[in-house]
Structures are given as structure tokens and as C-alpha cells.
Amino acid sequence: MMYSEKVLDHFSNPRNVGEIENADGVGEIGNAKCGDIMKMYLKIDNGIITDAKFKTFGCGAAIATSSMATELIKGKSIDDALKLTNDAVVEALDGLPAVKIHCSVLAEQAVRSALSDYYTKQGIDPLPIVGEIKEPEE
Amino acid sequence: MEKRFIYADNAATTAVSEEVLNAMLPHFRTAYGNASSIYKLGRDAQRDVEEARDKVAKAIGAEPKEIFFTSCGSESDNWAIKGIAETMAKKGKKHIVTSVFEHHAVLHTCEYLAKHGFEITYVPVSDKGLVDPEDVKNAIREDTALVTIMYANNEIGTIQPIEEIAAVCHEKNVIFHTDAVQAVGHVEIDVKKQGIDMLSLSGHKIHAQKGIGVLYVRKGITLPNLIHGGAQERNKRAGTENVPAIVGLGVAIEAATRNISEKAAVIIPRRNRLIDGILQLPYTRLNGDREKRLPGNINISIEGIEGESLLLMLDQYGICASSGSACTSGSLDPSHVLLSIGLKHEVAHGSLRLSIEDDVTDEDVDYILEVVPKVVERLRSMSPVWEKMMNGEEVK
């Protein structure tokens, strides 16, 4: 299986690994049974994502897509983060093997899950804004 | 710590040995004759092919005319199983007994036959990864055409009670085939003494090249032709002989079976040191019976991490290893072998297989034992599963 240099770089030197204490939004997606879990932490000020961190249990692609997703949303507005697609993550990583595309979907959903948690904490129903969070199929 | 290169994946494939390569080389440019040709160049090729056949036969206690060269272990498995199925179906026997943790070359062949009117019984394996001959005995029916049970498991290295299984098959007059791809060269095999009717083996696991295999078929068993055409392989498998590969396999199997116990005496202490060293890490377990296992096989589950990322990190330290995680199997499910011995999915995802030979030195063992804990700690530190485990939360 061929990983791009970018994927290997983000796997070997993942950006934004860790947790944020008192994060404004925390999202978790996936399950250990399938072999991938992503947990994402966001710090949000005035609608801007000022910090993003992650913890991931999973393959090389799962770690690389988590790393890339946090990079892509840091400093962006919530609106921009909500527009993040798995395709954008794949593109930023110079592609993924076909069997690993589901990792990029998880990364996209992890971001949405964290934003959903942010709205819930604000007392706002996240559903109309963020939409349904798609859990991976078992 | 100086970076090393350690090849610890000999169950996947091996390097062609110098001895094998030297034996093969003349067959490309000078001794390149077609073994079916009448002139000396052809006759010489024929002689070399038959010499190799003798060597293979001798290595497993068979007769030369019971040895058929194929292109790989999978081909041998396919031929044995589908061939016997075809022959026996004519006698109304359309039932096959195998085990749950066979190689896919056997499992998928059985699944194929199941779609074509055969019934398959999959005997279970114990939590130590061993087949119980009693289970095989109980699975055999009046209409059983074949029993096929692997000699040694490719992932967890467990060695099956082949002689006992063969005995229960013969008690009931059923043909017994074994996929011995992982066993040849690592354990003593004598097909006559052990009662093996058919056996598959592969060249590239024992330092021959990729693309050469063998099916041993006991005299008296009739297999239909696999490839129709010329008269090669006693009319059973047409196609010009791959003379360099066959010659190489002859040399390789002779070398591999020459000093099995001496090699094991060197490898087993190193294997045990690796097992004990890695088991020092918390939340780890050895997969497969500790004693009844191949000399060079180490298979350990490391909870809280996923296998593919472990392999990628080990690769950065120059260590070549393997795993049973879903991500290395190309599906969402982890290895069927690890599930068959009762591992939960999340534990099976985090397995590490090392398969060493005597070229992995004591210093290499030290290096692996230094690197693995480091890499595991790094992956666990970024794993939400590990975090949950440490917080005593349930892992789903």
C-alpha cells in the first residue's frame, strides 16, 4: 500500500497531538472495534477556532488525517470549519489509498462532532447548524 | 542508539540465499534449455529439474514422482482442494473439513466450493491456537471428501497435531491435505511417517525465489489435471518448467531441512527473549501456544494501539514486522486467526508479529526490545483508547 510523502510526514510528525484543558468543544468519533477512534478538542473565541488538538487510535492514515484536519481548521471561523470536507483533507495529504478514504471521513466527522459539542455547551441545538454526525458503519 | 535494519518478517517472505542464487544463475544465460527438448541443452535442463524433484522428495520423506511443481503455495492449495473435490463429487462425496484459522488460500477455496454445492465444516481452534483431532474426527461424515488442516499457522505460528489428525482421517478413509507453507524448513516433516496424503509448500518462505511451489500427492491419489497442454509434471500441470526457480527450490529445501534442530537451538532463546521482553509492557498477551509454536514466531497483542501505525513506526527504526490489524488486512475486520482464538476486535487490531531466523542476532533482539516499548508508549500517549483504559472507562 502506498502512502504519499505528506501522509507519512503527518503520521511521523503529527501536528496538534494532545488535549486542550477546558476545551470549548470536544468530539469523538469511531469505535475500537473498527480500529479507529478520533477525539478532537477545540478552543473557540468569537466564532474563531483558535486552537485544535487530537488524540487518535488508528492506522497511519487515521493519524495523518486527524493531524491534517486540525491544521486545516486552526485559525478558521466555525463556518469555514463546517465546510471542511473529507475530500479537502485527502487533497491536502496528496491523496489516500482507496481503502483509507474512510479515515478522512472520520476526520471530517470528528471536527463536526466537536463543533456540535460546542453548540450544545452554548445551549444551542447543534442539529440545524452542524447536521447529523455520521458514525462509521460496523 | 544507532539505527539498524532488522528483517523480522520471514513468515511473509525471505531473501533468496546466495547458495540458491548461484545455483539458479546458469539457468538464465547458459543452461537455458527447455526441459522437453531432445538435444543436450534440453536434456541437461530435464536432469536438473529431476534432481530438484529428488531433493524436494527427500526433504519431506516422499518419492520423487509424488512431487509436482507449481507456481506458489496458493496454487498448490487450490489444486489439492478443488482437485479432490472434483474427483470425490463423482462418488457423491461433497463435504470438506477444514479449520477456522486456515490461510485464505484454503478458506477462500472452500468458500468457492461452498457456492458450488459443497458443504464445509470449520473445526474450531482452542484459545492457544490448536486444532483438536477429536473435533476433526467428529466432523468427518460418510460423504467427507477431504480434510485440510494447516501444519503451522502463518500468524501465530502454532504447530498442529498433524500426525494425530492424519490418523483420524485414515481411520475413516478420508484423504488428508496440509498447507505446510510455514512449517517446511522449521520443523521435521516426514509425510510417510506422519500419514500426510497431500502437502503444499512454497519456495519463497525458505530462501528460494517467489513464484515456485510444490504439491506433494501420495501415490494412489488421482488429481485431475490443473493445466491442460503439454506433458509436463506427469501430464498434470502443463507449461514449460520454470527451470531456474525449480533448481533454486531444490537447493533451498535441502539447505532449509539440513539442520532444523541446530537452527532452532539458536533461534528459540532469542524468540523467548523477545516474547518475555515485549510482555513486560502492561496490557499485552502472547497469542498462540508458547511451546507448540514455530521457533521464530512471536505474536503479541498490545492493547490501546493499532497495528498498522505500530508497523509504520517500527519501519522508521528499520524494523520490518507484520500485524493482524484490519488496516493491514484490507478489510474492516482484524485477522480471522486472532478472532478465532477468542481475541476481541479491539485487541486483535493491536497485534504485532515478528518472524525471525538465525540472522537476527542477540544485538538485534536488544535493539527491538529497546524500540518496541518506545514506539508503544508514543502511540499509547496519543490514543484515546489507552486513555479510556487508564481511566477505567469501558472501551467500545
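Our structure's up above, just so we're on the same page.
Computed from a prediction, not measured in an experiment: that's the story for all the values here.

### A few points about the overall build of chain B
Along its length, chain B carries 16 helices and twelve strands. In terms of C-alpha radius of gyration, chain B reaches 22 Å, essentially the compact-globule figure of 21 Å for 396 residues. For the C-alpha atoms alone, the extent of chain B along its principal axes is close to 75 × 55 × 35 Å. The buried share among the 396 residues of chain B stands at 58%. Here the analysis covers contacts within chain B between residues at least 6 apart in sequence; of these, 71% occur between residues at least 24 apart.

### Quick word on the overall build of chain A
If you tally the helices and strands in chain A, you get six helices and three strands. Reading chain A from its N end, one meets helices and strands in the order α-β-β-β-α-α-α-α-α. Summarising its shape, the C-alpha atoms of chain A cover approximately 45 × 30 × 25 Å along the three principal directions. Among the 138 residues that make up chain A, the fraction classed as buried is 55%. In chain A, of all internal contacts separated by at least 6 residues, the share reaching a separation of at least 24 is 61%. Of the accessible surface of chain A, which amounts to about 6000 Å², a share of 48% is contributed by carbon and sulfur atoms. Averaging the locations of the 14 positively and 22 negatively charged side chains of chain A gives two centres separated by 3 Å.

### A word on the sheet that holds strand β12 (residues 351–355) of chain B
Residue and element names in this part refer to chain B. Ordered by their spatial adjacency, three strands build an open sheet running β9-β10-β12, and the pairing between neighbours is antiparallel. Taken across any chain shown, the strands that pair with only one partner, and hence form the sheet edges, are β9 (284–286) and β12. Each strand of the sheet is rotated relative to its neighbour by a mean of 20°, with strand direction disregarded. Pairing between strand β10 (residues 297–302) and β12: five bridges, direction antiparallel. Within β12, the position partnered with N299 by the bridge is R353.

### Examining the interface of chain B and chain A
Opposite the 25 residues of chain B that make contact, chain A presents 30 residues. Surface buried jointly by chain B and chain A totals about 2100 Å² across both partners, of which 63% is contributed by carbon and sulfur atoms. Measuring nitrogen to oxygen at the nearest pair gives 2.7 Å for the salt bridge that ties E308(B) to K100(A). Elements represented by at least two residues in the side of chain B that touches chain A include exactly α11 (307–316), α14 (345–348), α15 (362–381) and α16 (384–390) of chain B.

### Quick notes on the packing of aromatic side chains
Considering all chains together, one arrives at three aromatic pairs over all chains under this definition. The interplanar angle of 65° and the centroid separation of 5.3 Å between the aromatic rings of Y118(A) and Y119(A) together place this pair among those described as edge-to-face. Accessibility assignment for this pair places Y118(A) and Y119(A) in one class, buried. Ring geometry for F68(B) versus W79(B): centroids 5.7 Å apart, planes at 75°, classification edge-to-face.

### Describing the pairing of strand β6 (residues 175–179) of chain B
All names here are of chain B. Buried residues dominate β6, accounting for five of its five residues. With burial as the criterion, each face of β6 is covered, one bearing I175, H177 and D179 and the other bearing F176 and T178. Two elements, strand β5 (residues 144–148) and β6, share three bridges in a ladder whose sense is parallel. Residue pairing in the sheet places L146 in a bridge with I175 of β6. Summarising the sheet, β6 and strand β7 (residues 198–202) pair through three bridges and their orientation is parallel. The residue bridging D179 from the neighbouring strand is S200, located in β7.

### Focus: the pairing of β7(B)
All names here are of chain B. Counting buried residues along β7, five of its five residues qualify, which places the element largely inside the surrounding structure. Residues M198, S200 and S202 line one face of β7 and the alternating positions L199 and L201 line the opposite face, and both faces are buried. Direction of pairing for β7 relative to strand β8 (residues 213–217): antiparallel, over a ladder of five bridges. Within β8, the position partnered with S200 by the bridge is L215.

### What to know about the nonpolar core
Note on soluble globular proteins: their nonpolar side chains tend to be buried together. Ranked by size, the top nonpolar core spans 70 residues in total, and within it L115(A), L310(B), L314(B), L352(B) and L354(B) carry the most contacts. A per-element tally of this core places helix α5 (residues 101–121) of chain A first, with nine residues. Discounting chain neighbours no more than four positions away, the residues touching L314(B) are I319(B), A321(B), L352(B), V371(B), V372(B) and V375(B). A59(B), M150(B), C169(B) and V337(B) belong to the second largest nonpolar core, which has 65 residues in total.

### Here's the deal with unusual backbone geometry
Even without being a glycine, N46(A) presents a positive backbone phi close to 50°. Examined against the element boundaries, N46(A) turns out to sit in the loop between β2 (36–45) and β3 (48–57). Given a relative accessible area of 81%, N46(A) falls into the exposed group. Phi angles above zero are rare outside glycine, and N235(B) is one such case at about 70°. Positionally, N235(B) belongs in the loop between β8 and α9 (243–258). By relative accessible area, which is 46% here, N235(B) ends up partly exposed.

### Some remarks on the sheet that holds β8(B)
Residue and element names in this part refer to chain B. Pairing in this open sheet of seven strands is mixed, and the strands run β2-β8-β7-β6-β5-β3-β4 from one edge to the other. Only two strands of the sheet have a single neighbouring strand rather than two, namely β2 (67–70) and β4 (119–123). Going from strand to strand, the sheet's axes swing by 20° on average, the running direction of each strand aside. Set on the sheet, helix α3 (residues 40–60) makes contact with β2, β7 and β8; between it and β2 the angle comes to about 115°.

Calculation notes
Residues numbered from 1 in each chain as written. Chains lettered and ligands numbered in written order. Predicted model: local features only at pLDDT ≥ 70, side-chain atom pairs only at ≥ 80, totals over all residues. Heavy atoms only, no water. Helix = DSSP H or I, 4+ residues; strand = E, 2+ residues; numbered from the N terminus. Rg over C-alpha atoms; globule rule 2.2 N^0.38 Å. Buried < 20%, exposed > 50% of the residue type's maximum accessible area, 1.4 Å probe, protein only. Contact = heavy atoms within 4.5 Å. Areas by Shrake-Rupley, 256 points an atom, 1.4 Å probe, with all protein chains shown as cover. Lys, Arg positive; Asp, Glu negative; His and termini not counted. Charge placed at Lys NZ, Arg CZ, Asp CG, Glu CD. Pairing = 2+ DSSP bridges. Axes fitted to C-alpha atoms, helices over the stretch in contact; angles between N-to-C directions. Buried area = accessible area lost by both parts, 1.4 Å probe. Salt bridge = Lys/Arg side-chain N within 4 Å of Asp/Glu carboxyl O. Phe/Tyr/Trp six-rings, centres within 6.5 Å; stacked < 30°, edge-to-face > 60°. Core = buried A, V, L, I, M, F, W, Y, C linked by side-chain atoms within 4.5 Å.

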